[in-house]
Amino acid sequence: MERILLKGGRILDPSMEMDATGDLLIEDGLISAVGQGIKADGAVEVDVSGLWVCPGLVDLHVHLREPGEEYKETIESGTRAAAAGGFTSVACMPNTRPPNDNAGITRFIVERAREAGHCRVFPVACITKGQGGEELTEFADLLNAGAVAFSDDGLPVRDAGVMRMAMEYAAGLNTLLITHSEEPALSSGGCMNEGRMSTLLGLKGIPAAAEVIAIYRDVALAELTGCRLHVAHVSTAGGVEVVRRAKERGVAVTAETAPHYFSLTEEAVAGYNTSAKMNPPLRTEEDRLAVIQGLQDGTIDVIATDHAPHSVLEKDCAFEVAANGIVGLETALPLTLELCRNRDIEPLRAVELLSTAPARILGIQGGSLSPGSAADVVVIDPGEEFTLSSDKLFSKGKNSPFLGVRLQGRAVLTILSGRPAHDPLGMLDKD
Ligand SMILES: [Zn+2]
């Protein structure tokens, strides 16, 4: 299948500021033309009228669990879930077993993804050895092996001196640090947001301040060192405000949130629902609205899933001991489109948040339909309704608070380098 012509779709490409009906031609794995009335003899023609044609989605924050926890997810199953969710690139966090703190593991991930992957995989390597928070990893080696950024995600870097040194190295190498913003002295022992619900349920809470203080510290260190800082999973109104002020001062900071922080609140924990347990925890309605405001005004640059698959073993247990995190690759798109339906953001902004901005921040290809780009494309049916059920998820992890929930909007065709990576309707099954 060398030539594919997608005809009559709504083409949404923030990199070209394009939101118009038109055609897209793919030749030899590259986008060769975009516009009106494109003709291509011998191409496989697909009528995509009524559908959106966008650059493949890019997820800056996933946990693929391989190596070490293949019973939760593998690079194969995780990237299959990604393709089903419309993603053509994912960045995977280093808290595997062992953690991705050396070039051997980074290379293993890159090679596994090449063999088994259904999308591009970009490893994020540890900031500190073993995520121990003390000794820095070999940044230059890890970059050479294929790492695209550094993070101890899952854990904060406790020691501000270690973080400062990490930022100095990162600045020198012009690479990105991704911070998991949590002040452990405040969060220790907590398992949900601190507030009305935690009191009601008798669970120890994590105050919003645990996030706000940590973001503030790392913004101050980024200002000191000139390091490019990306703040992962912002969940609080205070956190959004710290990032907003930092950007106003010209600090090189970007930020992400995850769909659950604009779709749910701490109320979802009612009944000790472990599928609503994550870190940072779900917050209040005021926080949820502040996160949406951050998406609107550009304070928050990226929607990332923080896809965190677990087996039933880690979730079918008491709330306090249940693992943190939910799967997100197959729900991010409909949950983001909900913001469009509510007129919180425009469709073009949604594509920017899910594709163009994360590709730019990571410094990877993708996020664009401009001719000459790799043909990483997603065709979206924004109106398709479905009820999320665990047996339909491609991820091994079934831990989602959205199971049984009616969702709207879905990837109906994901194309990676000009080849179908997810084609449930058989749109490209033509000879
Ligand atoms: Zn994290």
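Residues numbered from 1 in each chain as written. Predicted model: local features only at pLDDT ≥ 70, side-chain atom pairs only at ≥ 80, totals over all residues. Heavy atoms only, no water.

A. Broad picture of helix H2 (residues 103-116). Over its 14 residues, H2 extends 20 Å from the first C-alpha to the last, a length consistent with the 20 Å expected when each residue adds 1.5 Å. Three or more residues of H2 are buried, namely Ala103, Ile105, Thr106, Ile109, Val110, Ala113 and Ala116. Packing partners of the buried residues in H2 comprise helix H1 (75-84), strand S7 (87-92), strand S8 (120-125) and helix H3 (139-145). Sitting at the head of H2, Asn102 places a side-chain oxygen 3.0 Å from the backbone nitrogen of Gly104. (Helix = DSSP H or I, 4+ residues; strand = E, 2+ residues; numbered from the N terminus. Expected span 1.5 Å × (residues − 1). Buried < 20%, exposed > 50% of the residue type's maximum accessible area, 1.4 Å probe, protein only. Contact = heavy atoms within 4.5 Å. Polar contact = N/O pair within 3.5 Å; in protein donor to acceptor, adjacent residues only side chain to side chain.)

B. Highlighting the packing of aromatic side chains. Overall, the coordinates contain two aromatic pairs when judged by the stated rule. Measuring from centroid to centroid gives 4.0 Å for Phe139 and Phe150, while their planes differ by 15 degrees, and the two rings are stacked. With a gap of 11 residues between them, Phe139 in helix H3 and Phe150 in strand S9 (residues 149-150) connect regions that are remote in the sequence. Taking the centre distance of 6.4 Å and the plane angle of 65 degrees together, the rings of Phe139 and Tyr169 count as edge-to-face. Remark: Tyr169 occurs in helix H4 (residues 160-172) and Phe139 occurs in helix H3; sequence separation between them is 30 residues. Taking the relative accessible area as the measure of exposure, Phe139 reaches 5% and is therefore buried. These aromatic residues form a ring-pair network of at least three members: Phe139, Phe150 and Tyr169. One residue, Arg80, lies across the ring of Phe394, its end atom 4.0 Å from the ring centre. The ring centre of Phe386 lies 3.8 Å from the NZ or CZ of Arg410, which sits over that ring. (Phe/Tyr/Trp six-rings, centres within 6.5 Å; stacked < 30°, edge-to-face > 60°. Lys NZ or Arg CZ within 6 Å of the ring centre and 35° of its normal.)

C. How the structure looks around the domain arrangement of the protein chain. Parsing the protein chain into structural domains produces domain 1 (3-53 + 374-422) and domain 2 (56-362). Contacts between the two partners involve 39 residues from domain 1 and, on the opposite side, 42 residues from domain 2. Here domain 1 meets domain 2 over a buried area of about 3100 Å², counting both sides, of which 67% is carbon and sulfur. Taken together, the links from domain 1 to domain 2 amount to one salt bridge. For the pair domain 1 and domain 2, the number of links is 15 residue pairs in polar contact (both at pLDDT 80 or more). Of all the secondary structure elements, the ones that give two or more residues to the side of domain 1 that touches domain 2 are strand S1 (3-13), strand S2 (18-27), strand S16 (377-387), strand S17 (406-416) and strand S18 (419-422). Element by element, the count of residues in the side of domain 1 that touches domain 2 is highest for S17, at eight residues. Here the side of domain 1 that touches domain 2 is composed, by residue class, of 20 nonpolar, 10 polar and nine charged. (Domains from an automatic or database assignment. Buried area = accessible area lost by both parts, 1.4 Å probe. Salt bridge = Lys/Arg side-chain N within 4 Å of Asp/Glu carboxyl O. Nonpolar A, V, L, I, M, F, W, Y, C, P; charged D, E, K, R; others polar.)

D. Structural detail: the pattern of salt bridges. Here the structure, examined in full by the defined rule, presents 23 salt bridges. With a closest N to O distance of 3.4 Å, Glu69 and Arg97 form a salt bridge. Placement of Glu69 in the loop between strand S6 (57-62) and H1 and of Arg97 in the loop between S7 and H2 is noted, with a sequence separation of 28 residues between them. A residue is classified by how much of its surface remains accessible, and Arg97, at 56% relative accessible area, is exposed. When the shortest N-O distance is used, the salt bridge between Glu248 and Arg245 registers 2.8 Å. Taken together, the residues span about one helical turn, with Glu248 and Arg245 both in helix H8 (residues 237-248) at a distance of three residues. On the basis of relative accessibility, which here comes to 57%, the residue Glu248 falls in the exposed class. Judged by relative accessible area, Arg245 falls into the partly exposed class, the value being 39%. The network of salt bridges with shared partners includes Glu241, Arg244, Arg245, Glu248 and Asp297.

E. Main features of the coordination of the zinc ion. Looking at the zinc ion, one finds its protein donor set to be Asp153 (OD), His180 (ND1) and His233 (NE2), positioned 1.9 to 2.3 Å from the metal centre. Taking relative accessible area as the criterion, His180 reaches 7% and is therefore assigned buried. For His233, a relative accessible area of 2% corresponds to the buried category. (Donors = N, O, S within 2.8 Å, 3.2 Å for Na, K, Ca; no water.)

F. Seen up close, the packing of H4 against helix H7 (residues 208-225). Relative to each other, H4 and H7 sit at 45 degrees, their axes nearing to 9 Å. With respect to their mutual orientation, H4 and H7 come out oblique. Classified by chirality, the crossing of H7 by H4 is right-handed. Two secondary-structure elements touch here, H4 through Ala160, Met163, Arg164, Met167, Glu168 and Ala171 and H7 through Arg217, Asp218, Leu221, Ala222, Leu224 and Thr225. When grouped by side-chain class, the residues that make up the contact of H4 with H7 number seven nonpolar, one polar and four charged. (Axes fitted to C-alpha atoms, helices over the stretch in contact; angles between N-to-C directions. Parallel < 35°, antiparallel > 145°, perpendicular 65-115°, else oblique. Left-handed = near helix turned anticlockwise from the far one by under 90°.)

G. Geometry of helix H10 (residues 285-297). When the terminal C-alpha atoms of H10 are compared, their 18 Å separation across 13 residues agrees well with the 18 Å that a helix rising 1.5 Å per residue should span. Listed in full, the buried residues belonging to H10 are Asp287, Arg288, Ala290, Val291, Ile292, Gly294 and Leu295. Elements that come into contact with the buried residues of H10 comprise H8, strand S14 (253-257), helix H9 (259-263), strand S15 (302-303), helix H12 (332-341) and helix H13 (347-362). One or two residues past the end of H10 sits Gly298, with phi positive at roughly 90 degrees.

H. Quick peek at the pairing of S16. Bridge count between strand S5 (residues 52-55) and S16: four bridges; the pairing is antiparallel. Each bridged residue has a counterpart across the sheet, and for Trp52 the counterpart in S16 is Ile380. (Pairing = 2+ DSSP bridges.)

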